[in-house]
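The residues making up each chain are set out below.
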Amino acid sequence: MASTQRTVVLPLRCALYAVAAAALLFVRLLPARGVVASSACACGGHDERRTYSYVGDDFPAQAPISLPATTHVQTSGEPAHALDADAEWGALFPSTDGFVTLRPPPAASSALSNTTATGRTFLVSAVHELHCLDVFRVAIADAARPGARAHVAHCLRYMLQLVRCRADATLEADEPGVRDGRWAHAASGVGAVHVCRDWRALWAWVEAHPPDEIEGEVVEGAGGRETFQGD
């Protein structure tokens, strides 16, 4: 899942709207001014009293970490993270590209029947979301790379579902202006205060749980999901 992936260009206006909507969703992940830490919250969505085997469907829906709550004051973000700033966008990603391997603690592994402690590898959704923002960025900036239209479509659908899921109820002040000869409502979102979780704590946790190497030979026609170009 490389951050420098290239995709087929989308119509510019549609792609810009997609980036804007996704950026509002993903604001907690970008370095920004005005981030204030508060008390930790039990936001992980996992049962700390339970030990998971990480076999089959026996794993938590959320990463087993409680992330500190923060707030974020929305800014324009300029001039950082421009469309053609490949290196700057690439630096946003964890070194593992967001993949982690989790396994039961050694003391618990022996108590779990019919399981192995080989571990299970996952992709953390926040990094997937960041990856999709990068897909949109490249779709606007570079139309030269063929074959990735399906990747952009995947990311649009993925981010659409997350926008609906998170239902951010932050209020953004109206900034009315004249459009096509008439007054219209508009909002830049600048100055709005979002309630977030600390992306820095999540990135540190991801780095502390690197994925296991995948073993085995690549055999043509052996099955498995074919990755998108640039994954």
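Please refer to the structure higher up on the page.
This section reports on the structure supplied with the text.

Parameters and conventions
Residues numbered from 1 in each chain as written. Predicted model: local features only at pLDDT ≥ 70, side-chain atom pairs only at ≥ 80, totals over all residues. Heavy atoms only, no water. Helix = DSSP H or I, 4+ residues; strand = E, 2+ residues; numbered from the N terminus. Buried < 20%, exposed > 50% of the residue type's maximum accessible area, 1.4 Å probe, protein only. Contact = heavy atoms within 4.5 Å. Areas by Shrake-Rupley, 256 points an atom, 1.4 Å probe, with all protein chains shown as cover. Core = buried A, V, L, I, M, F, W, Y, C linked by side-chain atoms within 4.5 Å. Phe/Tyr/Trp six-rings, centres within 6.5 Å; stacked < 30°, edge-to-face > 60°. Disulfide = S-S within 2.5 Å. Salt bridge = Lys/Arg side-chain N within 4 Å of Asp/Glu carboxyl O.

1. With respect to the overall build of the chain
- Scanning the chain from terminus to terminus reveals six helices and seven strands.
- Mapped in sequence order, the helices and strands of the chain form the string α-β-β-α-β-α-β-α-α-β-β-β-α.
- A total of 231 residues make up the chain; the buried ones form 32% of that total.
- When contacts within the chain are restricted to residue pairs at least 6 apart in sequence, long-range pairs at least 24 apart make up 79% of them.
- Here the chain has roughly 14,000 Å² of accessible surface; of this, 56% comes from carbon and sulfur atoms.

2. Some remarks on the nonpolar core
- With 30 residues, the main nonpolar core has Val100, Val124, Leu202, Trp203 and Trp205 as its most contacted residues.
- Elements supplying a minimum of two residues to this core: β3 (99–102), α4 (125–141), α5 (149–166) and α6 (199–207).
- By residue number, the principal contributor to this core is α4, which donates eight residues.
- Setting aside its immediate chain neighbours within four residues, Trp205 contacts Ala63, Pro64, Ile65, Val100, Leu102 and Val124.

3. Considerations on the packing of aromatic side chains
- In this structure the tally under the stated criterion is four aromatic pairs.
- Centre to centre, the rings of Tyr52 and Tyr54 are 6.3 Å apart; their planes meet at 55°, and the pair counts as tilted.
- Judged by its relative accessible area of 12%, Tyr52 falls in the buried class.
- Judged by relative accessible area, which is 9%, Tyr54 ranks as buried.
- With a centroid separation of 5.0 Å and an interplanar angle of 50°, the aromatic rings of Phe59 and Phe122 are classed as tilted. In this pair, Phe59 sits in the loop between β1 (36–40) and β2 (68–73) while Phe122 sits in strand β4 (residues 120–123), placing the two residues 63 residues apart along the sequence.
- Note on Phe59: relative accessible area 27%, which makes it partly exposed.
- Counting every residue linked through ring pairs, the aromatic cluster contains Tyr52, Tyr54, Phe59 and Phe122.

4. As for unusual backbone geometry
- With an omega dihedral of 5°, the bond running from Glu78 to Pro79 counts as a cis peptide bond.
- Here Pro79 lies in the loop between β2 and α2 (86–90).
- One non-glycine residue, His81, lies in the positive phi region at around 55°.
- The residue Asp180 is not glycine, and still its phi comes out positive at about 55°.
- Its place among the elements puts Asp180 in the loop between β5 (177–179) and β6 (182–184).
- Residue Asp180 is classed as exposed on the basis of its relative accessible area of 77%.

5. Regarding the state of the cysteines
- All told, the structure shown has one disulfide when counted by the stated rule.
- Between the sulfur atoms of Cys132 and its disulfide mate Cys155 the distance is 2.4 Å. Here the S-S torsion is close to -75°, and the disulfide linking Cys132 with Cys155 is therefore left-handed. Of the two residues, Cys132 sits in helix α4 while Cys155 sits in helix α5, which places them 23 residues apart along the sequence.

6. Remarks on the environment of Ala186
- Tracing the chain through its elements places Ala186 in the loop between β6 and β7 (193–197).
- Taking the C-alpha atoms as reference, Ala186 lies 8.7 Å from Ala173; in sequence the two are 13 residues apart.

7. Observations regarding the pattern of salt bridges
- The tally for this structure, following the rule as stated, stands at six salt bridges.
- One salt bridge connects Arg137 with Asp86, and the closest N-O pair in it is separated by 2.8 Å. You can see Arg137 sitting in helix α4 and its partner Asp86 sitting in helix α2, a full 51 residues away along the chain.
- A salt bridge links Arg166 to Glu129, with the nearest nitrogen and oxygen atoms 2.5 Å apart. Of this pair, Arg166 sits in helix α5 while Glu129 is found in helix α4, placing the two residues 37 residues apart along the sequence.
- Here Arg166 falls in the partly exposed class, since its relative accessible area comes to 31%.
- Overall, the relative accessible area of 2% leaves Glu129 in the buried class.
- Shared partners join several salt bridges into a network, and the residues in it are Asp86, Asp134 and Arg137.

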